[in-house]
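Chain by chain, the residues run as shown.
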Amino acid sequence: MPSVLSRWACVAALAVWPATPDQPPPALQEGIRLSGEGRHQEAVAALDRAIQTIPNLAEAHYHRGLAYRRSNQNDRALTDLSRALEIRPAFPAALLERARLYHLATRQLDLALADYDRLLQLEPNMAPAWSSRAQCYVELQRWQKVLADANEALRLDPRLAPAYYARAQAFAALDLHQVAIRDYTELLRLRPNHAAGYTGRAASHRALGELREALHDVLEALERQPDYGPAVTLRDQLLVSSK
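Note that the structure is predicted; figures quoted are calculated from it, not measured. (Residues numbered from 1 in each chain as written. Predicted model: local features only at pLDDT ≥ 70, side-chain atom pairs only at ≥ 80, totals over all residues. Heavy atoms only, no water.)

Draft legend 1. Quick look at the packing of aromatic side chains. Counted under the stated rule, the structure contains two aromatic pairs. Their ring planes at 40° and their centres at 5.2 Å tell us that Tyr62 and Phe91 sit as a pair that is tilted. Of this pair, Tyr62 sits in helix H4 (residues 58–70) while Phe91 sits in the loop between helix H5 (74–87) and helix H6 (92–105), and the two are 29 residues apart along the sequence. Here the aromatic rings of Tyr165 and Tyr184 are separated by 6.5 Å at their centres, their planes lie at 55°, and the arrangement is tilted. Taken together, the positions of Tyr165 in helix H10 (residues 161–173) and Tyr184 in helix H11 (residues 177–190) put the pair 19 residues apart, joining distant regions of the chain. The exposure class of Tyr165 is buried, given its relative accessible area of 18%. Over the ring of Phe91 we find Arg88, and its NZ or CZ is 4.5 Å from the ring centre. (Phe/Tyr/Trp six-rings, centres within 6.5 Å; stacked < 30°, edge-to-face > 60°. Helix = DSSP H or I, 4+ residues; strand = E, 2+ residues; numbered from the N terminus. Buried < 20%, exposed > 50% of the residue type's maximum accessible area, 1.4 Å probe, protein only. Lys NZ or Arg CZ within 6 Å of the ring centre and 35° of its normal.)

Draft legend 2. Seen up close, the environment of Ala196. Note that Ala196 resides in helix H12 (residues 195–207). Each C-alpha atom of the pair Ala196 and Val44 lies 35 Å from the other, and the pair is 152 residues apart in sequence. Discounting chain neighbours no more than four positions away, the residues touching Ala196 are Tyr165 and Tyr228. (Contact = heavy atoms within 4.5 Å.)

Draft legend 3. Representation of the pattern of salt bridges within the structure. All told, the structure shown has 20 salt bridges when counted by the stated rule. For Glu86, the salt bridge goes to Arg83, with nearest N and O atoms at 3.0 Å. Of this pair, Glu86 and Arg83 both sit in helix H5, three residues apart, roughly one helical turn. Between Asp117 and Arg133 there is a salt bridge, with the nearest N and O atoms lying 2.6 Å from each other. With Asp117 in helix H7 (residues 109–122) and Arg133 in helix H8 (residues 127–140), this residue pair connects regions lying 16 residues apart in the sequence. Owing to a relative accessible area of 30%, Asp117 belongs among the partly exposed residues under this scheme. A network of salt bridges, in which partner residues are shared, links Arg33, Glu37, Arg39 and Glu42. (Salt bridge = Lys/Arg side-chain N within 4 Å of Asp/Glu carboxyl O.)

Draft legend 4. Region of the structure containing the packing of helix H9 (residues 143–156) against H10. Here H9 crosses H10 at 150°, and the two axes come no closer than 9 Å. Judged on the interaxial angle alone, H10 and H9 are roughly antiparallel. Remark: the crossing between H9 and H10 carries left-handed chirality. Residue-level inspection shows Trp143, Val146, Leu147, Ala150, Asn151, Ala153 and Leu154 of H9 in contact with H10, the latter providing Ala163, Tyr164, Ala166, Arg167, Gln169, Ala170, Phe171 and Ala173. In terms of residue class, the contact of H9 with H10 is built from twelve nonpolar, two polar and one charged. (Axes fitted to C-alpha atoms, helices over the stretch in contact; angles between N-to-C directions. Parallel < 35°, antiparallel > 145°, perpendicular 65-115°, else oblique. Left-handed = near helix turned anticlockwise from the far one by under 90°. Nonpolar A, V, L, I, M, F, W, Y, C, P; charged D, E, K, R; others polar.)

Draft legend 5. Representation of the nonpolar core. Counting 69 residues, the largest nonpolar core has Tyr62, Phe91 and Val146 as its most contacted members. With nine residues, H10 is the single largest residue contributor to this core. (Core = buried A, V, L, I, M, F, W, Y, C linked by side-chain atoms within 4.5 Å.)

Draft legend 6. Layout of the environment of Val138. Mapped onto the elements of the fold, Val138 is located in helix H8. For Val138, a relative accessible area of 10% translates into the label buried. Those residues in contact with Val138, other than ones at most four positions away along the chain, are Trp143, Val146, Ala166 and Gln169.

In short, geometric facts, not functional conclusions.
See below:
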C-alpha cells in the first residue's frame, strides 16, 4: 500500500504547483530535490529558507512535512501538513499525506477518515484514496463500508493491490471464504511477496477445511517473512491440528 500512495503523492505534488503570481523561491525546488534524494535534513533546511522567503507558501509546508515524515518526525510532519491545508484547504496531496499519518502513524482513525472524506470530495476518481479509506474501515471492522470503498477503488484501478487486500479481509470476516481466497489470489498475483496475503488466504483455506492448502500458504508467508507473527501462530495451530 505505501508504495502506490507515495508514487501518487509525488505526482500530485507536481500537479498542484503554487497558485501564486511570483516565481517559487529556488530553495523550494532545492528542498524537493533533496527530499527526493533521501537527504531529508538538508531538504528541511532548504525548505526552511523557502518558508522564510514566503511564509504562506503551501507547497513549502507540504514538502517540509513530507521530509519530516520520511525521517520519522511525525509530529512535525503533522504540523506542516496542517499548515499547508490552512493556507490551501483544497490541497489533495496534503490531505492524502495527513490522512495516512493519522491512519498509520498516530492511529487517530477518526481524523484519518475525516481527511479521506474531504479528499474524496475533491478527487472522487483517486483510487488510492478509496483503497486507503477501505483499510481504515478494516481496522474499525465496518465490513460493508470496506466492500463499498474497495469496490470503487478497483473500478477505478483494477490493478490496485491494497484494495484486493482490504476486500479479501472483509469477505473473510463475513465468512465468504471462497471469494476471499479469490481476492487474496489476485493480491498475490500483483504482490508475490505479500506475507499477510498468504497468511490471510491460509486462514480462509483453514476455515473451509482445506488444511493442506492452508499449510502451504502459511509456509509461503514464512519463507518471505520468517518473523511474521500471524503466520507463525497459524502454522503452529495447523501443525497441532494435523497430528
